[in-house]
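Inside the fold
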Amino acid sequence: QQDRAALRELYGLYYRRLARFLVRVTRRHDVAEEVINDTFFVVWTSAQRFRGESRVSTWIVGIAYRRALKSVRRASLELVALDAPEALQVSAAASTNETREWIERAVNELPVEQRLCLELAYVLGHSCEEIATICDCSVNTVKTRLFHARRKLRLSLPRLAGATP
């Protein structure tokens with residue numbers, strides 16, 4: 001209904017979450033801010049098209065995801081490493097800066113869609129169904145992206161661990 005107070009409240013609820021996600025993807029605050037603004041413009045102009053088939057958060061993150069992909073591709077920005085998935089994180093006692101660098105480099109080598117699926121699943125905690133909605137693809141596509149990302153990480157981490165920096 002284009003209620004400015006409602007949009008302001010929604011913006012306040014989702015700004016931090018989107019900013020963390022987008023800064024991890026672009027590592028550029030200015031681009032993240034632009035994508036957030038674009039996202040909320042879409043929310044403002046397209047709210048009547050929200051059908052309630054997913055959670056509002058899934059819908060908003062989906063818009064941000066698609067806007068970020070467009071922005072990154074348009075600006076030819078290099079995507080940066082996402083935080084390592086929890087399943088790949090080593091215990092605090094064993095973790096070193098070198099190990100973190102290996103994980104970061106390995107994640108950086110993944111295709112954009114696989115990196116974003118890892119981020120959405122392991123960092124933001126979305127289910128495969130929610131990621132499918134966000135990415136506008138099938139659940140099987142999400143599972144395939146996650147499978148291939150994990151497989152590639154398993155192959156590249158030992159190679160990077162043996163490589164000299």
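On a predicted model such as this, the values are computed, not experimentally measured, just so you know. (Residues numbered from 1 in each chain as written. Predicted model: local features only at pLDDT ≥ 70, side-chain atom pairs only at ≥ 80, totals over all residues. Heavy atoms only, no water.)

Turning our attention to the confidence of the model for the protein. The predicted model of the protein averages 80 in pLDDT, with 82% of residues at 70 or higher. No element of the protein has a lower mean pLDDT than helix α4 (residues 97-108), which averages 76, and none a higher one than helix α6 (residues 128-135), which averages 92. Long-range and interchain partners of residues 76-95, a stretch whose pLDDT sits below 50, account for 42 contacts in this model, where long-range means more than four residues apart. (pLDDT = per-residue confidence, 0-100. Helix = DSSP H or I, 4+ residues; strand = E, 2+ residues; numbered from the N terminus. Contact = heavy atoms within 4.5 Å.)

Grouped together as the largest cluster of nonpolar side chains are 44 residues, with contacts concentrated most on Leu18, Leu22, Leu120 and Cys135. Listed by contribution, the elements that provide at least two residues to this core are α1 (4-26), α2 (29-46), α3 (56-75), α4, α5 (112-123), α6 and α7 (139-162). Counting residues per element, this core draws most heavily on α3, at nine residues. When residues no more than four places from it in sequence are discounted, the contact partners of Leu120 are Phe21, Val61, Tyr65, Gly125, His126, Ile131, Ile134 and Cys135. (Core = buried A, V, L, I, M, F, W, Y, C linked by side-chain atoms within 4.5 Å. Buried < 20%, exposed > 50% of the residue type's maximum accessible area, 1.4 Å probe, protein only.)

Before going further, it helps to examine the packing of aromatic side chains. Evaluated as defined, the whole model comprises three aromatic pairs. Ring geometry for Phe50 against Trp59: centres 5.1 Å apart, planes inclined by 45°, an arrangement best described as tilted. We classify Trp59 as buried; its relative accessible area is 19%. An aromatic cluster is present here, built from Tyr11, Tyr15 and Phe40 joined pairwise through their rings. (Phe/Tyr/Trp six-rings, centres within 6.5 Å; stacked < 30°, edge-to-face > 60°.)

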